[in-house]
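Structural overview
Now for the letters of each chain:
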Amino acid sequence: MAWKRMGRIFNPADYDWAGSHAQVPTPLLYDDRVRVFYADRNADGKSYTTYVDLDRKDLSRVIYCHKQPILDFGAPGTFDDDGVMPSYALRHEGRVLLYYSGWNRGVTVPYRNSVGIAVSDDDGATFRRLYEGPVLDRSPLEPYIAVTPSILIEDGLWRMWYISGVRWALVEGKYEPVYVIKYCHSRDGVSWDRPNHLCIPPQHDRQAFSHPTVIKHLGRYMMWYCYRDSVDYRDGEGAYRIGYAESPDGLDWTRMDEINGLGTVPGDWESTMTCYPFVTAIDGQVVMFYNGNGFGRTGFGYAVLEQDQ
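Keep in mind the model is a prediction, meaning the values are calculated, not measured.

**As for the layout of surface pockets**
Approximately 740 Å³ is the volume attributed to the largest pocket. If you trace the largest pocket, you find 33 residues lining it, with Gln23, Arg41, Trp103, Tyr111 and Tyr276 closest to the centre. When residues of the lining of the largest pocket are traced back to their parent elements, those giving at least two are strand E2 (23–29), strand E6 (83–92), strand E7 (95–105), strand E8 (111–120), strand E10 (146–154), strand E11 (157–171), strand E12 (174–186) and strand E14 (208–217). Here the lining of the largest pocket takes five residues from E12, the largest share from any one element. Its boundaries defined by the atoms lining it, the second largest pocket holds a volume of some 220 Å³. Together, 15 residues line the second largest pocket, and Pro27, Leu29, Tyr88, Ala89 and Thr280 are the ones closest to its centre. For the lining of the second largest pocket, the elements supplying multiple residues, two or more each, are E2, E6, E14 and strand E18 (275–282). Class assignment for the residues of the lining of the second largest pocket results in 12 nonpolar, two polar and one charged.

**Focus on the side chain of aspartate 55**
Tracing the backbone shows aspartate 55 in strand E4 (residues 47–55). Residue classification places aspartate 55 among the buried residues on the basis of a relative accessible area of 14%. Here aspartate 55 is in contact with Asp32, Arg61 and Ile63, once residues within four sequence places are set aside.

**A short note on the side chain of serine 186**
Along the chain, serine 186 turns up in strand E12. Under the relative-accessibility criterion, serine 186 is labelled buried at 1%. In this structure the side chain of serine 186 is engaged in a polar contact, spanning 3.0 Å, whose partner is the side chain of aspartate 188. Engagement of the side chain of serine 186 in a polar contact is seen with the backbone oxygen of serine 191, the distance being 2.7 Å. When neighbours within four sequence positions are excluded, serine 186 is seen to be in contact with Gly156, Leu157, Trp158, Ser191 and Trp192.

**A closer look at the pairing of strand E13 (residues 192–198)**
Relative to E13, E12 is paired through four bridges, and the arrangement is antiparallel. In the sheet register, histidine 185 faces E13, and the bridge partner there is aspartate 193.

**Quick look at the sheet that holds E13**
If you walk across this open sheet you meet the four strands as E10-E11-E12-E13, and the pairing is antiparallel. The strands lining the two open edges of the sheet, one partner per strand, are E10 and E13. Between one strand and the next, the sheet's axes are offset by a mean angle of 30°, whatever the strand orientation. In terms of strand pairing, E10 meets E11 through seven bridges, oriented antiparallel. From the neighbouring strand, isoleucine 151 faces E11, where its bridge partner is methionine 160.

Basis of the calculations
- Residues numbered from 1 in each chain as written.
- Predicted model: local features only at pLDDT ≥ 70, side-chain atom pairs only at ≥ 80, totals over all residues.
- Heavy atoms only, no water.
- 1 Å grid on protein atoms, 1.4 Å probe; cavity = no way out; pocket = protein on both sides within 12 Å on 5 of 7 lines; lining within 4 Å.
- Points joined across faces, edges and corners; volume = space filled by probe spheres on them.
- Helix = DSSP H or I, 4+ residues; strand = E, 2+ residues; numbered from the N terminus.
- Nonpolar A, V, L, I, M, F, W, Y, C, P; charged D, E, K, R; others polar.
- Buried < 20%, exposed > 50% of the residue type's maximum accessible area, 1.4 Å probe, protein only.
- Contact = heavy atoms within 4.5 Å.
- Polar contact = N/O pair within 3.5 Å; in protein donor to acceptor, adjacent residues only side chain to side chain.
- Pairing = 2+ DSSP bridges.
- Axes fitted to C-alpha atoms, helices over the stretch in contact; angles between N-to-C directions.

Here it is as structure tokens:
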């Protein structure tokens with residue numbers, strides 16, 4: 001598998017109106033453009049969702065920047081009162097649905113995450129919450145975190161791959177989250193049957209996964225994700241790298257990180273970290289949007305799949 005790096009598209013440091021990050025790039029296709037939702041951060045470190053539009057014929061060209069959040073923070077006490085980050089956007093029955101990660105600050109641990117849905121009735125011009133509460137949250141079998149979904153709709157069945165927390169590990173006096181990729185499904189995109197199905201076992205007990213993205217291509221399911229250690233992972237030795245797995249059915253996966261072909265680049269905006277991949281088909285090409293250093297502090301770029309196997 002060979003990816004051709006096409007370079008960085010958007011760097012928030014280049015714009016005086018932007019905050020500190022352009023994290024978790026999440027595309028939605030239009031006839032003449034690709035809208036990329038992303039999470040910026042304000043001066044208080046709270047993530048909010050906004051977007052840029054790219055020329056569909058030249059994804060390196062930004063043609064519009066939306067300078068305001070598309071959603072306010074949730075009401076005090078709700079699941080997203082401390083942050084809103086995009087995860088997956090799709091069109092369904094004339095509306096745009098944006099699944100997003102809501103943040104709450106914690107006391108015993110730094111935070112908790114859940115999944116909410118924002119909806120647009122004007123093809124992405126404005127958004128509102130579909131519900132004040134989350135559609136995927138902690139449960140009896142998943143007591144920590146449920147967040148960052150990737151979704152495919154097949155024959156009326158909504159299939160979701162998402163991040164589930166398994167514990168908080170105490171590392172050098174600080175609690176760090178450890179999470180894995182699980183699977184669930186739904187008939188309406190709101191109420192989810194959660195069989196507690198683990199997709200990819202970690203290689204060791206400190207390994208954490210994030211941001212799965214799943215496509216069906218050439219007769220098989222293909223998943224990209226990022227993984228890290230729980231030690232020295234903030235641009236250090238344990239920092240995120242992009243991994244890859246394949247499956248015949250979307251349930252049983254074979255991990256194949258070694259063929260992903262998209263590591264770090266010395267001296268560049270992605271020199272210490274590659275993370276938060278989102279893979280989609282655009283005009284006959286398989287395209288990956290992704291972040292580099294600092295969990296999106298250096299912006300996002302893209303790559304094109306040149307060779308598959």
